[in-house]
Amino acid sequence: MSSNNTEQRSWFVLVAAGQGKRFGGALPKQYATVGGKTLLAYSLEALLDTTSIAGGVMVVAEEDPVWSRLDLPMDKVRVTVGGDVRARSVFNGLRVLMEQASEQDWVMVHDAARPCINNQWLNGLLQQLEGHPIGGVPVVPVVDTLKYGSQDYVEKTVDRNHMWRAQTPQIFRLGLLYRALELALSAGKPVTDESSAVELAGSKPLLLSGLESNIKVTRQEDLALAKYYLSQGS
């Protein structure tokens, strides 16, 4: 496939295969509702509204009976099954994209449980990456004092300078991220996000401007905060 810059497109992998055990409830957290709409729907619609998006892949759990019953905009979205860990789920999504996209295209990997995003911010992330060979991670600075502890005691205070909280979507060149995750998974390396796989492969992702409102819904009480941010237009 061509890697000409004029033909570069953007795609997404929306990760919705988690069980959300810390969240509790009868359904995984991506199916929790705010204002009558699931977290999954908010995330999917924002990604599809991004200017250069050509399409994407939604990764769901095996035998997930819920997503197909929802009224979701699926015209440009393919669906695949996740794996035993998040990295495997992302890799499965990337493998589907590799069948139709260029290796130099951008891929945005986003967690469905981060619904407070908007197309203006997503377009801005892609603009920050214009011409970049690798990709980047949206981050916000750590503002709290950091403590390192063990066995219920503080061992030391950690310097918070140069410390950042990583968010999604993390955006990388498709081929680069695919190979980085393939290498990490085959080596049994623990990777908790896409950037860590890219870092293990020897590349340095760019730090992008994150959003304080881009929260990850992890517990039931997070829904109230998500509702507030969504009511403000994220």
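Please read these numbers as outputs of a predicted model, since none were measured by experiment.

(A) Quick look at the nonpolar core. Membership of the largest hydrophobic core comes to 29 residues, with the highest contact counts inside it found for Val 13, Leu 94, Leu 97, Val 107, Val 109, Leu 177 and Leu 181. Secondary structure elements with two or more residues in this core: β1 (10–16), β4 (53–60), α2 (86–97), β6 (106–111), β7 (135–141), α4 (174–186) and α5 (194–200). Core analysis: the next-biggest nonpolar cluster, separate from the first, contains 28 residues, Leu 14, Val 77, Leu 126 and Leu 208 among them.

(B) Representation of the confidence of the model for the protein chain. Averaged over all residues, the pLDDT of the protein chain is 92; the fraction at 70 or higher stands at 94%. Scored below 50 in pLDDT, residues 1–6 shows ten contacts in the model against residues more than four places distant or in partner chains.

(C) Structural view of the packing of aromatic side chains. Scanning all chains against the criterion turns up two aromatic pairs. Seen from their ring centres, Phe 91 and Tyr 178 are 4.8 Å apart, and the 25 degrees between their planes marks the pair as stacked. Here Phe 91 is found in helix α2, whereas its partner Tyr 178 is found in helix α4, with 87 residues between them in sequence. For the pair formed by Phe 91 and Tyr 178, the shared burial category is buried. Sitting over the ring of Tyr 148, Lys 156 keeps its end group 6.0 Å from the ring centre. Directly above the aromatic system of Trp 106 lies the positively charged group of Arg 173, at a separation of 3.8 Å from the ring centroid.

(D) Geometry of α2. With twelve residues, α2 extends 17 Å from end C-alpha to end C-alpha; this agrees with the ideal 16 Å at 1.5 Å per step. Burial runs high along α2: nine of the twelve residues are buried.

Cut-offs applied
Residues numbered from 1 in each chain as written. Predicted model: local features only at pLDDT ≥ 70, side-chain atom pairs only at ≥ 80, totals over all residues. Heavy atoms only, no water. Core = buried A, V, L, I, M, F, W, Y, C linked by side-chain atoms within 4.5 Å. Buried < 20%, exposed > 50% of the residue type's maximum accessible area, 1.4 Å probe, protein only. Helix = DSSP H or I, 4+ residues; strand = E, 2+ residues; numbered from the N terminus. pLDDT = per-residue confidence, 0-100. Contact = heavy atoms within 4.5 Å. Phe/Tyr/Trp six-rings, centres within 6.5 Å; stacked < 30°, edge-to-face > 60°. Lys NZ or Arg CZ within 6 Å of the ring centre and 35° of its normal. Expected span 1.5 Å × (residues − 1).

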